[in-house]
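Chain residues, written in single-letter form:
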Amino acid sequence: MVRRKALTKFKYKPEKFRELIVYIARRCADDPTFGSVKLNKILFYADFAAYRQLREPITGATYRKLSEGPAPKELLRARDALIDSGRIEMEARTYFGLVQKRPVVVPGSTIDTSVFSQTELDIVDETVEFFRGKSAREVSDYSHREPGWILAEELEEIPYQTAHLNSEPIDQETQLRALEIARELEASRRAGG
């Protein structure tokens, strides 16, 4: 019988999640390609990069597989709370003939960056810059190469542990070495050692 290690669940931090939405919206205010789809991907990549680097995500949000790529299930509730509190507004714009819905920070709204470490803010800034200028289609297509998104079923949670999986193809030399190691391990198991 194969025993599987339980996947680590992280505590969702709603305050950090809301502050992160406002922070990203402000950082992307001058990016004409920024909208809700890109917000989803920036949140996903920032949380998963933090998990890889810090062993803990920034917000602990639960990301699910949607047809357009990973999205946090907590987003609508957090976004609505930010709208209700007057911190952001949703703006509809036409971008290349499509309606783009983008969160916009209401003038005078502040962001409590004290809830983040400097490393977390650096990770978010790097993620924002990586996606700057890329369209919603480009960031969705990019996210469709993520192993966690590929392995999950529609609407299924994408475990943070998949951040450690590599989507790059394995070269032939590495494949052959892996097969050799597997054969050695199997031979050792059969020999009782």
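The preceding data block contains the structure.
Conventions adopted
Residues numbered from 1 in each chain as written. Predicted model: local features only at pLDDT ≥ 70, side-chain atom pairs only at ≥ 80, totals over all residues. Heavy atoms only, no water. 1 Å grid on protein atoms, 1.4 Å probe; cavity = no way out; pocket = protein on both sides within 12 Å on 5 of 7 lines; lining within 4 Å. Points joined across faces, edges and corners; volume = space filled by probe spheres on them. Helix = DSSP H or I, 4+ residues; strand = E, 2+ residues; numbered from the N terminus. Nonpolar A, V, L, I, M, F, W, Y, C, P; charged D, E, K, R; others polar. Buried < 20%, exposed > 50% of the residue type's maximum accessible area, 1.4 Å probe, protein only. Contact = heavy atoms within 4.5 Å. Pairing = 2+ DSSP bridges. Axes fitted to C-alpha atoms, helices over the stretch in contact; angles between N-to-C directions. Parallel < 35°, antiparallel > 145°, perpendicular 65-115°, else oblique. Left-handed = near helix turned anticlockwise from the far one by under 90°. Salt bridge = Lys/Arg side-chain N within 4 Å of Asp/Glu carboxyl O.

Brief notes about the layout of surface pockets
Right, so step 1: When its volume is computed, the largest pocket comes out at roughly 690 Å³.
Right, so step 2: In this structure, the largest pocket is lined by 32 residues; those nearest its centre are Gly35, Ser36, Val37, Lys38 and Ala136.
Right, so step 3: When residues of the lining of the largest pocket are traced back to their parent elements, those giving at least two are α2 (36-54), β1 (63-66), β2 (69-72), α3 (75-84), β3 (88-95), β4 (98-105) and α5 (136-143).
Right, so step 4: Sort the elements by how many residues they give to the lining of the largest pocket and α2 lands first, with six residues.
Right, so step 5: In terms of residue class, the lining of the largest pocket is built from 15 nonpolar, nine polar and eight charged.
Right, so step 6: Computed from the structure, the second largest pocket encloses a volume of approximately 280 Å³.
Right, so step 7: Counting only elements with at least two residues in the lining of the second largest pocket, the list comes to α2 and α4 (118-131).
Right, so step 8: Top contributing element to the lining of the second largest pocket by residue count: α2, with six residues.

With respect to unusual backbone geometry
Right, so step 1: Its identity is not glycine, yet Phe96 carries a phi of approximately 50 degrees, on the positive side.
Right, so step 2: By secondary structure assignment, the location of Phe96 is in the loop between β3 and β4.
Right, so step 3: Its relative accessible area of 73% is what places Phe96 among the exposed residues.
Right, so step 4: The backbone of Leu155 shows a phi angle near 70 degrees, a positive value even though the residue is not glycine.
Right, so step 5: One can find Leu155 in the loop between α6 (147-151) and α7 (172-190).

Regarding the environment of Ile150
Right, so step 1: You can see Ile150 is positioned in helix α6.
Right, so step 2: In this structure, the C-alpha to C-alpha distance between Ile150 and Gly69, residues 81 residues apart in sequence, is 9.5 Å.
Right, so step 3: Among residues more than four places away in sequence, those in contact with Ile150 are Lys65, His144 and Arg145.

Quick word on the pairing of β4
Right, so step 1: Relative to β4, β3 runs antiparallel, the two sharing eight bridges. In the sheet register, Arg93 faces β4, and the bridge partner there is Gln100.
Right, so step 2: Taken together, β3 and the strand that follows it, β4, pair antiparallel across an intervening segment of two residues, in which Phe96 is found at a positive phi of about 50 degrees.

Some thoughts on the packing of helix α1 (residues 14-27) against α2
Angle between the axes and distance between the axes are the two parameters that describe a pair of packed helices.
Right, so step 1: At their nearest, the axes of α1 and α2 sit 11 Å apart, and the two run at 125 degrees to each other. The angle between α1 and α2 falls in the class oblique. Considering how the two elements wind past one another, α1 and α2 form a crossing that is right-handed. Taking contact as the criterion, the partners of Phe17, Leu20, Ile21 and Ile24 in α1 are, on α2, Leu39, Ile42 and Leu43.
Right, so step 2: Here the residues of the contact of α1 with α2 are counted per class, giving seven nonpolar, no polar and no charged.

Focus on the pattern of salt bridges
Right, so step 1: Summed over all chains, the structure comprises 16 salt bridges.
Right, so step 2: As a salt-bridge pair, Arg102 and Glu91 come within 4.0 Å of each other at their nearest N and O atoms. With a gap of 11 residues between them, Arg102 in strand β4 and Glu91 in strand β3 connect regions that are remote in the sequence.
Right, so step 3: Each member of the salt-bridge network shares a partner with another, and the members are Arg27, Asp30, Asp125, Glu129 and Arg132.

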